Amino acid sequence: MNGSTRIVIIGGGVIGLGIAYHLAELGVSDVVLLERHQLTSGTSWHAAGIVGPLRASLNLTRLAQYATELFPRLEKVTGQASGYRRTGGLWLARRAERMDELKRIAHLGDVCGLTVEIVDQAGVAEHVRGIVTDGVEGALRVEEDGQANPVDICAAYAKRARAAGIRILEGLACSGIVTRNGRVAGVKLASGATIDCETVVNCAGAWARDIGALAGVPVPLQAVEHMYVVTEPIAGLQDPFPILRDLDEGIYIKGDSGKLVLGGFEPNAKLFDVRGPVGDRPFLELPEDWEQFEPFMSAGLKLLPALSQTGIRHFMNGPESFTPDTRPLMGESPYLRGFYVAAGFNSTGMMSSAGAGKAMAEWIVDGEPSLDLWALDIARFDRAAAARSFVGARMEEAVADLFRMHWPYKQAAAGREVRRSAFHRTFAEAGAVFGAPTGWERPLWFGGTETRGYSVGAQKWWSPAKAEAERMAQGVGLFELSPFTKIDVRGRDAIQLMQSLCAGDVDRPEGRAVYAQMLNARGGIEADVTVTRVDEHGFRVISGAATRQKDFAWIARHAEDLGLNVSVFDATSAEAVLGVMGPNSRALLQSLTDVDLSDAAFPFSTSRRIDIGTANVRATRVSFVGELGFELYVPVEHAESLLAMIVSAGGAHGLTFCGHYALDGCRLEKGYRHWGHDIGPKDTPLEAGLSFAVSWKRDDFIGRDALLKQKADGLKRRLMHFAVDGDNPLLLHDEPIYRDGKLAGLTTSGGLGVRTGLSLCLGYVACDPGETKTQLLACDYQIAVAGARYRLRPLDKPPYDPTGSRMRVSAEENS
């Protein structure tokens, strides 16, 4: 059958059907859903059916929580039972550090209106009959935990979608994606027919990577063998039986019509090849593997001895897909317009199908979801992340990471050494401890192996990071900044594009750098950038490492939509970047170049090409640490020699190597915003305190009308800067902030100020329109961290160098 439709959904599992349901709810019916076999026949049919609304961040909790609203009313809406039942649940902890984690998560439950409580060992025994609590410290109890039948949920979704006119076609496999001018144009079927369409939604689950490959779109996930057992009926079993998660043992237990289901998330999960001889079989069950499952069985028998008194009715081993960072893949691919992905739900597909279905429908119809879902956006990954070697290596720990201790600042161990800069060897020889927070190996701190190890309190790296920052503040520090995203925009219409995208005025003379935000139509911040005018028709755009694919797509797609004569080039891998920061930075660099770097000749925000030895580099005078400093952009083939020359000359100027953690601690002391934490597509420059970066006289940038309206209506929240009074609790993100005793917001980022020694955070605080900053500063604030409250001091000025003089004055001028 040839034909056409607006949207084609590939995959008839719970995610694809959930999206179809929510498209119908939005009044969109020009949709075809393709399933190569039968609905639910991939992985949805064997899902364990757990519904757990509480997650580790606000937006992910909101996303999951929607299932507890939708599932109970599905039968009323569709006439199809969902099997939903609230049972309550307990997250068990066997160590004090785990209790700290659960107390932090409990705060989010309170904020989201869930019924949560922390219970001790005796409380656990009270809620679960027959449980052995030896070694259990306590638990987080969630009243809203429950379960549902995945096949019934799918049937309800399908019934509503069909009633709205959405076509669901079974027995039709996708064999190719038609593209035209960088956009989706259709779907080829194995039958030889083609369906013309403008949007494809890849919901193929464990097979989603192969569907993505048909379109040249990387989908970083890996199928593994995932196992659970179902017991024979147990006489007198508690009903309802609460969902049990024994996190430190890696297992879960739930009730199932008088039986128990026991499963887990193991290290070194067994990879499953969906291209293999049985990979295409519907309702696939893999052979029992008791050797792999034995640790879970042993842990279950220890926790619930009743398991030893009954038999095993069924051993379920089926494919399930996991992602490198154990977070789902959602949104439009940055590599192909109109190609959306909703896959890699890490065994939480049924529970996620409500929130993910709603969010994806909004994304497709409105251009963005109602929640900020950057943490799940597929644009966070590049092509290398989808390589079989990489995702396969990540399965050594990614599956187990679902239940493993989520240590603050934890770094992946598997799948490392994939991307290293030209400076890597020198930093390694200097004792760098590396991490890969965005895929790039970069020094976190310098100090050797004795400072390794994770903690929920004071961090072992605080001492070396403080020492690095102190030496930098007295001399000069070198930072690895090569992972920065570097995008070149060139052409006759480059200025028109950049002025349209940036809220700040970037039409500056050649050699000037401007800090700016790129906004969406609602005034939200899509990108936080530094834009340098390199010549009449050329600009260099710098942004964070994590947003490389997203920012490139944002710029290139707007250029295409506006029909402008520009080229957009990703120069990230072509140049290494070295941050040279501190009061002696100018003197050090001046000793190596003939270009005048004085304040008069090279003022703040200047960007020029200079020669250092044989390397011609672009030197930009900006700073993310609040000290006099320069960023040096050097072709990779000259990077090692440049670093060697600077290190050789640096001894006379008090040079030290500085890591990423020192940089972030300095950022917090200055109150500098971090995109993805403090600012994002749901935050405006006005709310974030960045109105100074908006050129209000201009009328040609995206989002201007929304900002003017918000300015006239007044703000309902403001980003504020805080210090904890008298204590140093470990601040991370999403900690509740209380204003005059009432919940007012959550932190967006936090940590230790490495030069001031203060525990610092940023967070949005609710306010009344017209309320001034002075009024907000006069209020009483507290923060909740792991079950304790601390007094917060609101900061009118940054606690470090409040006047900003250190960024403009060298050591010689200070003296």
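Structure: above.
Here the structure is a predicted model, which is why all the values come from computation and not from measurement.

*Asks:* Give a description of the packing of helix 2 (residues 58-78) against helix 8 (residues 349-366) that names residues and reports values.
*Replies:* It is at 7 Å that the axes of helix 2 and helix 8 come closest, and there the two elements cross at 100 degrees. On the basis of their axis angle, the class for helix 2 and helix 8 is roughly perpendicular. Each of L63, A64, Y66, A67, L70 and F71 in helix 2 lies in contact with helix 8, whose residues at this interface are M350, M351, S353, A354, G355, A356, K358 and A359. Classifying every residue of the contact of helix 2 with helix 8 by side-chain character gives eleven nonpolar, two polar and one charged.

*Asks:* Can you lay out the side chain of S57 for me, pointing to particular residues and giving the numbers?
*Replies:* With respect to the helices, strands and loops of the structure, S57 is situated in the loop between strand 4 (50-51) and helix 2. For S57, a relative accessible area of 16% translates into the label buried. With sequence-adjacent residues up to four places away left out, S57 is seen in contact with L108 and D734.

*Asks:* For the packing of aromatic side chains, give the residues involved together with the corresponding values.
*Replies:* Within the structure shown, the criterion is met by 24 aromatic pairs. Arranged with centres 5.7 Å apart and planes meeting at 20 degrees, the rings of F624 and Y672 form a pair that is stacked. Residue F624 is located in the loop between strand 33 (615-620) and strand 34 (629-635), and its partner Y672 is located in the loop between helix 16 (660-670) and helix 17 (704-713); the two are separated by 48 residues in the primary sequence. Through pairs of rings, three or more aromatic residues link up here, namely Y409, W445, W461, W462 and Y661. Lying across the ring of Y335, R383 places its NZ or CZ 4.2 Å from the centre. Here the basic side chain of R789 rests over the ring of Y738, its NZ or CZ set 3.7 Å away from the ring centre.

*Asks:* Would you mind going over helix 8 in detail, with residue names and values included?
*Replies:* The largest bend in helix 8 comes to about 35 degrees, at G355. For helix 8, the buried fraction is high: 15 of the 18 residues fall into the buried class. Looking one or two residues past helix 8, G367 carries a phi angle of roughly 90 degrees, positive in sign.

*Asks:* Outline the side chain of T310, supporting the account with residue identities and numerical values.
*Replies:* Positionally, T310 belongs in the loop between helix 7 (290-303) and strand 19 (312-322). On the accessibility criterion, T310 (18% relative accessible area) is buried. Here E232 takes part through its backbone oxygen, which lies 3.4 Å from a polar atom of the side chain of T310. Excluding anything up to four places from it in sequence, T310 contacts T231, E232, P233 and I234.

*Asks:* Talk me through unusual backbone geometry; I want residue IDs and the actual numbers.
*Replies:* What is expected of a backbone is that most residues other than glycine have negative phi and most peptide bonds are trans. Of note, the amide linkage connecting D239 to P240 takes the cis form, showing an omega dihedral of 0 degrees. Inspection of the secondary structure assignment puts P240 in the loop between strand 15 (222-231) and strand 16 (243-246). One non-glycine residue, T326, lies in the positive phi region at around 60 degrees. When you line up the elements, T326 lands in the loop between strand 19 and strand 20 (329-332). Positive phi, close to 50 degrees, is recorded for A786, a residue that is not glycine. Topologically, A786 is positioned in the loop between strand 40 (781-785) and strand 41 (788-794).

*Asks:* I'd love a proper account of the packing of helix 12 (residues 494-501) against helix 13 (residues 548-562), names of residues and values included.
*Replies:* Two elements in contact, helix 12 and helix 13, have axes separated by 10 Å at closest approach and are oriented at 115 degrees. Here helix 12 runs over helix 13; the crossing is right-handed. Seen from helix 12, the contacting residues are L497, S500 and L501; seen from helix 13, they are W554, I555, H558, A559 and L562. Grouping the amino acids of the contact of helix 12 with helix 13 by side-chain chemistry returns six nonpolar, two polar and no charged.

*Asks:* Give a detailed account of the pairing of strand 11 (residues 174-180), specifying residues and quantitative values.
*Replies:* Alignment of strand 11 against strand 12 (residues 183-189), held across six bridges, turns out to be antiparallel. Residue pairing across strands places V178 opposite G186, the latter belonging to strand 12. Joining the antiparallel neighbours strand 11 and strand 12 is a turn of two residues, in which N181 adopts a positive phi near 55 degrees.

*Asks:* Explain the pairing of strand 6 (residues 89-93) to me, and be specific about the residues and the numbers.
*Replies:* Both faces of the sheet carry side chains from a regular strand, because those side chains alternate between them. Counting buried residues along strand 6, five of its five residues qualify, which places the element largely inside the surrounding structure. Side-chain alternation along strand 6 places G89, W91 and A93 on one buried face and L90 and L92 on a second face that is also buried. Here five bridges tie strand 6 to strand 8 (residues 138-142), and the two strands are oriented antiparallel to one another. Bridging from a neighbouring strand, A93 pairs with G138 of strand 8.

*Asks:* Would you mind going over the nonpolar core in detail, with residue names and values included?
*Replies:* Among the nonpolar cores identified, the biggest contains 49 residues, and I9, I19, F71, Y157, V201 and M330 are the most heavily contacted of them. Secondary-structure elements contributing two or more residues to this core are strand 2 (7-10), helix 1 (14-25), strand 3 (31-35), helix 2, helix 5 (150-163), strand 21 (339-343) and helix 8. Among the elements that make up this core, the one with the highest residue count is helix 8 (nine residues).

*Asks:* Please give an account of the sheet that holds strand 38 (residues 742-752) that cites residues and values.
*Replies:* The pairing of strands in a sheet comes from backbone hydrogen bonds and takes either a parallel or an antiparallel form. If you walk around this closed barrel you meet the six strands as 36-39-38-37-40-41, and the pairing is antiparallel. Geometrically, the sheet is characterised by an average inter-axis angle of 40 degrees between neighbouring strands, direction not taken into account. Pairing geometry for strand 37 (residues 736-739) and strand 40, over three bridges, is antiparallel. Looking at strand 40, one finds that I737 is bridged to I783. Contacting strand 36 (717-724), strand 38 and strand 39 (759-766), helix 16 crosses the sheet at an angle of about 140 degrees to strand 38.

Definitions and limits used
Residues numbered from 1 in each chain as written. Predicted model: local features only at pLDDT ≥ 70, side-chain atom pairs only at ≥ 80, totals over all residues. Heavy atoms only, no water. Axes fitted to C-alpha atoms, helices over the stretch in contact; angles between N-to-C directions. Helix = DSSP H or I, 4+ residues; strand = E, 2+ residues; numbered from the N terminus. Parallel < 35°, antiparallel > 145°, perpendicular 65-115°, else oblique. Contact = heavy atoms within 4.5 Å. Nonpolar A, V, L, I, M, F, W, Y, C, P; charged D, E, K, R; others polar. Buried < 20%, exposed > 50% of the residue type's maximum accessible area, 1.4 Å probe, protein only. Phe/Tyr/Trp six-rings, centres within 6.5 Å; stacked < 30°, edge-to-face > 60°. Lys NZ or Arg CZ within 6 Å of the ring centre and 35° of its normal. Bend = angle between axes of the 7 residues up to and from the residue. Polar contact = N/O pair within 3.5 Å; in protein donor to acceptor, adjacent residues only side chain to side chain. Left-handed = near helix turned anticlockwise from the far one by under 90°. Pairing = 2+ DSSP bridges. Core = buried A, V, L, I, M, F, W, Y, C linked by side-chain atoms within 4.5 Å.

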